[in-house]
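One letter stands for each residue in the lines below.
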Amino acid sequence: MKRFGQPHTAVPWVSRALEIAWNLFLLSAGSAISAVAINSILIPEGFLAAGFTGLALIIHYLTDVLSVSSLYFLLNLPLFALGWKYVGRRFFLYSVVGMVIYSAAVEFVHIPIHIEERILAALLAGILMGVGSGIILRSLGSAGGVDILSVILLTRHSIRAGSTALAFNAVLLGICAFLFTLDMALYTLVYIYVTSSMLNVVLTGLSQRKAVFIVSPLWREISHGIMEEIQRGVTILQGEGGFTGQTQRVLYTVVSFRELARLKQMIRKTDPEAFVVVTETLEVMGQRIGNQPHW
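Attention in this report is confined to the structure presented alongside it. (Residues numbered from 1 in each chain as written. Predicted model: local features only at pLDDT ≥ 70, side-chain atom pairs only at ≥ 80, totals over all residues. Heavy atoms only, no water.)

### Some details on the overall build of the protein
To keep things clear, this is the line we draw: Numbering of helices and strands runs from the N terminus, with a helix taken as a DSSP run of H or I at least four residues long and a strand as a DSSP run of E at least two residues long. A contact between two residues is defined here by any heavy atoms of the two lying within 4.5 Å. The Shrake-Rupley method, run with a 1.4 Å probe sphere, supplies the accessible areas, and residue values consider only the shown protein chains as cover.
Counting its secondary structure elements, the protein contains ten helices and six strands. By sequence separation, contacts in the protein at least 24 residues apart represent 72% of the contacts at least 6 residues apart. A total accessible area of about 17,100 Å² is found for the protein, and carbon and sulfur atoms account for 64% of it.

Okay, structure coming up:
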């Protein structure tokens, strides 16, 4: 019989199992959606893709010896062997599993999709790949490829991940235009742009918030207006003018895009000369600051 006060060890194991199952589901669902984009649109239309998938497609189009899934798997092997030293263990293991699942999905998931207009095919492929890639990246791993390469270059040479992906895809588009046709490269560019846009939507959501900094001598009135009229929380920061050396209050708040116009109208009404800075937010977590919902 379990003694009173003895720690219960089943809950952490259950939580860990659920976490693993959820991440495997995300990897599988995202890979399946991405595979539909590759097998149903990209390959039939002769388009390329971003990252190592695009490199695998180039080799497949030129040689037609191995399938795209086999080429993607083989291209990732030396990268993962190198990445073991530089990538976090949990991310590495999930990425290995993700790469295997992704390769298997590209091999076996085939859903016929017929689209007559090539530009519409590029748009649909970008939507599907963006959603699939976003779901994969919501897990604790990735499907390998440029994601692993970016981490390696960031760790060894402090090269930003976005710069690595941009340079890699630019080279792919150049190769596409040189070996194939300019039309094919432009269709692929449209596909990559839509993929990137959809990826951002999946990762950040449709309701991206705006962070607003406000400097005004009427900070009390504006702060009250934010809480009463906009129904959002506000943080009061201590500032100092660089030229005057005078102490100032800086208001900081996070609002939705729909609320931004109301906020600016309220600020103009209260203090037309207020200094306002509006910035994008990558992600907002939490619900409240003090007693007010901050977003």
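Next comes the rest of the description.
### Observations concerning the sheet that holds strand 2 (residues 235-240)
Selection rule: At least two bridges found by DSSP between two strands is the condition for calling them paired. Inter-axis angles, ranging from 0 to 180 degrees, are taken between N-to-C directions of lines fitted to C-alpha atoms, where helices are fitted over the stretch in contact.
Spatially, the four strands line up as an open sheet ordered 2-3-1-4, and their pairing is antiparallel. The open sheet terminates on both sides in strands that have one partner only, identified here as strand 2 and strand 4 (275-280). The mean inter-strand angle of the sheet, taken between neighbouring strand axes irrespective of direction, is 25°. With respect to the sheet, helix 9 (residues 219-230) is in contact with strand 1 (209-215), strand 2 and strand 3 (247-256), its orientation differing from that of strand 3 by roughly 15°. Contacting strand 1, strand 3 and strand 4, helix 10 (residues 257-270) crosses the sheet at an angle of about 145° to strand 3.

### Points about the nonpolar core
Put simply, the test is: Buried Ala, Val, Leu, Ile, Met, Phe, Trp, Tyr and Cys residues form a nonpolar core when they are joined through side-chain atoms within 4.5 Å. Any residue under 20% of the maximum accessible area for its type is buried, any over 50% is exposed, and the rest in between are partly exposed; the area is computed with a 1.4 Å probe on protein chains only.
Judged by nonpolar contacts, the single largest core of 44 residues is most densely connected at Leu 42, Tyr 72, Tyr 102 and Tyr 191. Only helix 1 (10-45), helix 2 (51-63), helix 3 (68-83), helix 4 (89-108), helix 5 (118-137), helix 6 (146-157), helix 7 (161-179) and helix 8 (182-204) provide two or more residues apiece to this core. Once you skip the residues sitting within four places of it in the chain, Tyr 72 turns out to touch Phe 52, Thr 53, Ala 56, Met 99, Tyr 102, Ser 103, Ala 143, Gly 144 and Gly 145.

### Side note on the pairing of strand 1
With five of seven residues buried, strand 1 lies mostly within the body of the structure. In this structure, strand 1 lies alongside strand 3, joined through seven bridges in antiparallel fashion. Directly across from Ile 214, in strand 3, lies its bridge partner Leu 251. In this sheet, strand 4 lies alongside strand 1 in antiparallel orientation, the contact comprising six bridges. Each residue of the ladder has a partner; that of Val 215, found in strand 4, is Phe 275.

### Description of the side chain of Asn 23
Here is the rule: Under this definition, polar contacts are N or O atom pairs within 3.5 Å; protein pairs additionally need one hydrogen-donor-capable and one acceptor-capable atom, and for neighbouring residues in sequence, both atoms have to be side-chain atoms.
Structurally, Asn 23 is set in helix 1. Looking at Asn 23, its side chain comes within polar contact range of the main-chain oxygen of Glu 19, at 2.7 Å. Other than its neighbours up to four places away in sequence, Asn 23 contacts Tyr 94, Ser 139 and Leu 140.

### Structural notes on the environment of Asn 76
Secondary-structure assignment places Asn 76 in helix 3. Distance in space between the C-alpha atoms of Asn 76 and Leu 149 is 9.7 Å, their sequence separation being 73 residues. The residues touching Asn 76, leaving out its near neighbours within four places in the chain, are Phe 52, Met 99, Ala 143, Gly 144 and Gly 145. A polar atom in the side chain of Asn 76 sits 2.6 Å from the backbone nitrogen of Gly 145.

### Concerning unusual backbone geometry
Here Asp 64, not a glycine, exhibits a phi torsion of approximately 55°, which is positive. With respect to the helices, strands and loops of the structure, Asp 64 is situated in the loop between helix 2 and helix 3. In the Ramachandran plot, Gln 231 falls in the positive-phi region, its phi being about 60° despite a non-glycine side chain. When you line up the elements, Gln 231 lands in the loop between helix 9 and strand 2.

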